[in-house]
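Residue strings, one per chain:
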Amino acid sequence: MGSPLHYFGIRHHGPGCARSLLRAFESLQPDCILVEGPPEGEGLLSFMAHADLQPPVAMLIHASEDTGLAAFYPFAEFSPEWQALRWGVTHGLPTRFIDLPQAHRMAIEQAARAAEEAEAAKAAEATEAAGVAETEPDNGAPLGDDAASEVPVAKATDETEAAEAAEVAGSFPDDPFDWLAHAAGHADGESWWNHMVEERGDGEDLFGAIAEAMAAVRAETPEDRRGARAAQREQLREAFMRQAIREAVKAGHQRIAVVCGAWHVPALQGATTAKADAALLKGLPKLKVLATWVPWTYRHLTSASGYGAGIDSPGWYEHLWQQGQQGQHAGGRSAGWLARVARLLRAHDLDCSSAHLIEATRLADTLAALRERPAPGLPELDEAVRSVICMGEQAPLTLIRERLTVGDRMGRVPAEVPTVPLQRDIEQMQKSLRLKPEATARTLDLDLRQPNDLARSHLLHRLRLLDLPWGAPTAAQRSSRGTFHELWQLQWQPEFALRIIEASRFGATVAHAATSRVMEKLAGETSLTVLAEQVDTVLLADLPVAVQAVTRALEDRAALTGDAVQLIGAVPPLANVFRYGSVRQTDSALLSHVLDSLIVRGAIGLPIACGALDAEAAESLRTRLIAAHDAVRLRDGDETTAAWRSALRGIAFGESAAPLLRGVACRLLLDDAQIDSEGASQQLARNLSSGAPPTEAAAWLEGFLNRNAMVLLHDEAVWPLVDSWLSALGEEHFLQVLPLVRRSFADFSGADRRALGERARRGAGGGTAAVATAAADWDESRAVLALPLLRELLGVKA
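Note that this is a predicted model, so its numbers are computed, not measured.

Some details on the confidence of the model for the protein chain
Any residue range with low pLDDT should be treated as having predicted coordinates unsuitable for detailed reading. On average, residues of the protein chain score 81 in pLDDT, and 86% of them reach the 70 mark or higher. No element of the protein chain has a lower mean pLDDT than helix α4 (residues 159–169), at 39, and none a higher one than strand β2 (residues 32–35), at 96. Between residues 132–148, whose pLDDT stays under 50, and residues either more than four places distant or in other chains, the model counts 34 contacts. Long-range and interchain partners of residues 154–171, a stretch whose pLDDT sits below 50, account for 33 contacts in this model, where long-range means more than four residues apart.

Description of the environment of R442
Within the secondary structure, R442 sits in strand β9 (residues 442–447). For R442 and Q489, which are 47 residues apart along the polypeptide, the C-alpha to C-alpha distance reads 5.7 Å. Here R442 is in contact with L435, K436, W488, Q489 and L490, once residues within four sequence places are set aside. Within the structure, R442 has its side chain in polar contact with the side chain of E438 (distance 3.3 Å).

A short note on the sheet that holds strand β10 (residues 471–473)
Taking strand neighbours across the sheet as the criterion, the three strands line up as β9-β11-β10 in an open arrangement whose pairing is antiparallel. Looking at the sheet topology across the chains shown, the edges are occupied by β9 and β10. The mean inter-strand angle of the sheet, taken between neighbouring strand axes irrespective of direction, is 35 degrees. Of the strand pairs in this sheet, β10 and strand β11 (residues 485–490) are connected by three bridges, and their pairing is antiparallel. Of the residues in β11, the one forming a bridge with A472 is Q489. In the packing of helix α17 (residues 451–465) onto the sheet, contacts are made with β9, β10 and β11, and the angle to β9 comes to roughly 125 degrees.

Some remarks on helix α22 (residues 544–560)
Taking 1.5 Å per residue as the helical rise, α22 with its 17 residues ought to reach 24 Å, and the 25 Å between its terminal C-alpha atoms agrees with that figure. For α22, the secondary structure elements touched by its buried residues are α20 (510–522), α21 (528–540), α23 (564–569), α24 (571–575) and α26 (592–609).

Focus on the pattern of salt bridges
Within this structure, the stated rule accounts for 27 salt bridges. Salt-bridge contacts for D277 lead to R242; the nearest nitrogen and oxygen are separated by 2.9 Å. Here D277 is found in helix α10 (residues 274–281), whereas its partner R242 is found in helix α8 (residues 228–250), with 35 residues between them in sequence. Each of the two residues, D277 as well as R242, counts as buried. Note that E380 and R371 form a salt bridge whose closest N and O atoms lie 2.9 Å from each other. By relative accessible area, which is 37% here, R371 ends up partly exposed. When salt bridges that share partners are traced, they join E36, D99, R105 and R237 into one network.

Concerning the sheet that holds strand β5 (residues 95–97)
One open sheet accounts for four strands, arranged β1-β7-β2-β5; its pairing is parallel. The sheet terminates laterally at β1 (5–10) and β5, the two strands that pair on one side only. Taking each pair of neighbouring strands and ignoring which way they run, the sheet shows an average axis angle of 20 degrees. Note that β2 and β5 share three bridges and pair parallel. Across the sheet, residue L34 finds its bridge partner in β5, namely R96. The strands touched by helix α2 (residues 80–90) are β1, β2, β5 and β7 (256–261); relative to β2, the strand with the most contacts, the crossing angle is about 150 degrees. Packing against the sheet, α8 makes contact with β1, β2 and β7, and its axis sits at approximately 175 degrees to β2.

Focus: a nonpolar patch on the surface
A contiguous nonpolar patch, built from V784, L785, L787, L789, L790, L793, L794 and V796 and spanning about 710 Å² of accessible area, is present on the exposed surface. For L794, the location among the structural elements is in helix α37 (residues 787–794).

A closer look at the packing of helix α30 (residues 677–687) against helix α33 (residues 718–728)
Between α30 and α33, whose axes approach to 10 Å, the crossing angle comes to 5 degrees. One way to sum up the angle between α30 and α33 is to call them roughly parallel. Together, S681, L684 and A685 of α30 and V718, L721 and V722 of α33 make up the contact between the two elements. Of the residues that constitute the contact of α30 with α33, the class distribution is five nonpolar, one polar and no charged.

Examining the packing of aromatic side chains
As enumerated under the stated definition, the model contains 13 aromatic pairs in all. Residues F8 and F25 carry aromatic rings whose centres are separated by 5.7 Å and whose planes lie at 80 degrees to one another, so their mutual orientation is edge-to-face. Highlighted residues: F8 in strand β1 and F25 in helix α1 (residues 15–28), separated in sequence by 17 residues. Accessibility classification places F8 together with F25 in one group, the buried group. With centroids separated by 6.1 Å and ring planes inclined at 45 degrees, the aromatic side chains of F78 and Y298 adopt a geometry described as tilted. Of the two residues, F78 is situated in the loop between β4 (70–75) and α2 and Y298 in the loop between β8 (289–295) and α11 (314–325); the sequence distance between them amounts to 220 residues. A relative accessible area of 0% places F78 in the buried class.

Rules used throughout
Residues numbered from 1 in each chain as written. Predicted model: local features only at pLDDT ≥ 70, side-chain atom pairs only at ≥ 80, totals over all residues. Heavy atoms only, no water. pLDDT = per-residue confidence, 0-100. Helix = DSSP H or I, 4+ residues; strand = E, 2+ residues; numbered from the N terminus. Contact = heavy atoms within 4.5 Å. Polar contact = N/O pair within 3.5 Å; in protein donor to acceptor, adjacent residues only side chain to side chain. Pairing = 2+ DSSP bridges. Axes fitted to C-alpha atoms, helices over the stretch in contact; angles between N-to-C directions. Expected span 1.5 Å × (residues − 1). Salt bridge = Lys/Arg side-chain N within 4 Å of Asp/Glu carboxyl O. Buried < 20%, exposed > 50% of the residue type's maximum accessible area, 1.4 Å probe, protein only. Patch = residues over 30% accessible without salt bridge, like charges linked within 9 Å, V, L, I, M, F, W, Y side chains within 5 Å. Areas by Shrake-Rupley, 256 points an atom, 1.4 Å probe, with all protein chains shown as cover. Parallel < 35°, antiparallel > 145°, perpendicular 65-115°, else oblique. Nonpolar A, V, L, I, M, F, W, Y, C, P; charged D, E, K, R; others polar. Phe/Tyr/Trp six-rings, centres within 6.5 Å; stacked < 30°, edge-to-face > 60°.

Here's what the structure looks like:
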């Protein structure tokens with residue numbers, strides 16, 4: 001009587017393997033199916049018959065405690081494991097996962113992480129005791145899994161293991177299949193496997209050939225090629241698989257199908273005894289873990305996403321699978337792919353005629369014949385498309401790769417799948433607000449005057465507080481907040497499923513969880529600027545409890561600091577609250593007294609804070625000073641404006657402030673009409689006099705111009721003073737200030753620089769005459785008629 005065990009070594013996510021596996025199952029009719037995968041996921045197999053479980057999906061295994069340890073096991077429709085599991089569930093067979101449980105693997109990782117942290121702490125203590133400056137440790141690259149059938153999350157790192165792996169890697173390729181590929185004349189293992197397995201026809205003898213090839217490769221590959229820890233992890237996994245296989249044989253099954261990564265087949269068929277495996281597995285630590293299904297995307301199936309068992313072209317593999325299921329021959333496969341290419345290009349208004357397709361098909365067939373391939377593969381089709389359809393251009397091929405070769409498919413899971421209450425709340429809000437999570441990026445334009453759009457804005461802001469950036473404000477939105485529109489870039493990421501689980505400890509609803517997360521972060525925050533930004537964020541998220549808590553924290557921190565720079569740095573974020581507050585339905589009055597206090601207290605200490613600064617510190621403070629000035633103008637309060645202008649006068653007319661900041665303050669006062677042109681000319685003459693050091697004079701001029709050429713172009717008193725100052729400089733002094741002056745003028749627009757050049761060419765006396773503006777007839781009674789419409793358009797209450 002023959003062995004009841006039948007081994008099927010596959011490549012994760014290989015359509016050719018999946019097709020051959022189904023044919024082998026139909027011939028074998030197994031009575032038990034064992035699949036490489038986490039035993040904790042067996043409770044989820046009942047959902048595989050559910051109509052709403054649509055791949056690509058992934059099993060998420062995560063620790064029940066907040067350890068940050070989790071792993072994803074992705075499946076596509078063309079994944080051999082998926083087809084094996086569905087076959088077993090559909091036929092009502094005992095179907096088991098046989099890989100080392102994640103309960104053990106995560107516990108091992110947790111112990112390794114704790115040991116490394118203890119080592120790092122001990123090393124830090126030794127360094128501190130020796131009086132040596134502490135440096136940031138280099139943890140190297142995160143370790144991957146040998147079979148890489150799961151996506152590891154938050155894995156610990158090991159410098160020693162990385163060094164060992166790097167030393168061994170000098171002689172052996174990362175992918176052992178590369179040896180077979182090079183022997184067959186292929187560039188790498190990926191292209192060799194595609195040619196030999198995935199793109200060929202079905203064959204029941206395929207798995208025997210795979211097992212033989214893997215035995216040869218493993219015989220020549222060192223076990224520790226990836227380091228000692230990875231080798232130990234592989235030994236534990238294969239020992240557990242052998243034990244699970246022995247249990248199935250002991251249960252009396254006669255036709256046991258073992259589906260695993262091709263790499264493991266020789267080890268599972270080896271002569272290792274049960275006693276040796278039991279000794280190896282004895283005493284393994286264990287954690288409590290939970291499992292669920294989550295949606296996945298084709299983009300996250302690619303190697304470029306960091307997935308160890310990733311593939312280069314999920315969309316192409318889906319095409320191979322569908323064509324194989326429909327019984328299409330190789331010619332039909334090529335024609336079907338090119339038809340999809342044509343539809344995509346035509347949808348984007350790119351020329352692609354029937355003649356193009358015919359010639360591309362001929363070229364692909366010719367390339368396949370020259371390369372001695374039975375049928376065109378993806379490389380041949382890509383080259384044919386580039387040459388015939390794209391006329392050598394690469395841009396259309398980039399579009400084809402993103403939309404077809406990789407694809408934008410996103411899976412779906414049933415509502416009955418076990419999950420945390422926070423996930424349920426997010427799904428319910430997505431449904432009620434008509435915000436469907438999608439794998440492709442799209443722009444969302446929200447009109448905050450509409451209740452549904454306002455609620456969408458609240459949800460997106462709350463999710464960002466939970467470290468779930470489903471939506472990101474666009475560059476235009478970040479640069480201009482004063483509008484009733486919000487522009488978001490939306491793209492759902494599969495890893496958000498894990499973040500939702502981690503965030504569920506803060507609360508069962510999005511609002512509650514976001515509020516709790518803000519409250520937790522408040523405890524250790526001391527920066528006034530960060531707290532002020534947080535006030536704006538929680539207001540936009542419509543979290544009243546969090547608003548009160550952050551406001552109170554901001555008041556407490558502000559009361560304890562006399563640092564004027566910190567105080568004025570907190571003003572601009574708060575001033576944003578007053579922009580269109582009625583449109584966002586926020587209570588701006590709640591923060592008015594806090595904002596006023598920050599402005600007044602900051603203004604009192606600002607002239608002193610501007611003194612004794614080097615060039616770099618003055619430049620940094622210049623940015624804050626201008627931002628705070630704009631914020632004070634937005635606030636437009638009598639007391640705050642008076643205090644601020646008094647501070648600017650103290651800076652501009654004093655002697656202690658840095659020259660750059662004196663120039664900035666003078667310019668801000670001029671722009672606000674607090675000094676006239678004659679007063680500005682007096683300050684210009686004083687700071688650019690022959691007695692002033694040239695570098696200080698250049699710094700003052702840079703601050704006064706403030707990246708705006710208008711004062712030079714249109715103020716007749718300023719131009720001659722600047723011209724005479726530059727003309728009076730000696731050669732040595734001119735060379736000293738030239739870089740500073742060039743930097744000041746470099747910020748002007750091209751049109752402004754041309755206008756300045758024209759005026760300089762005409763000479764100091766040839767300036768343009770001042771243009772007298774005729775007094776316009778103004779009828780105030782007619783002007784006020786437009787105010788109601790303007791208020792409605794701008795969302796401003798009367």
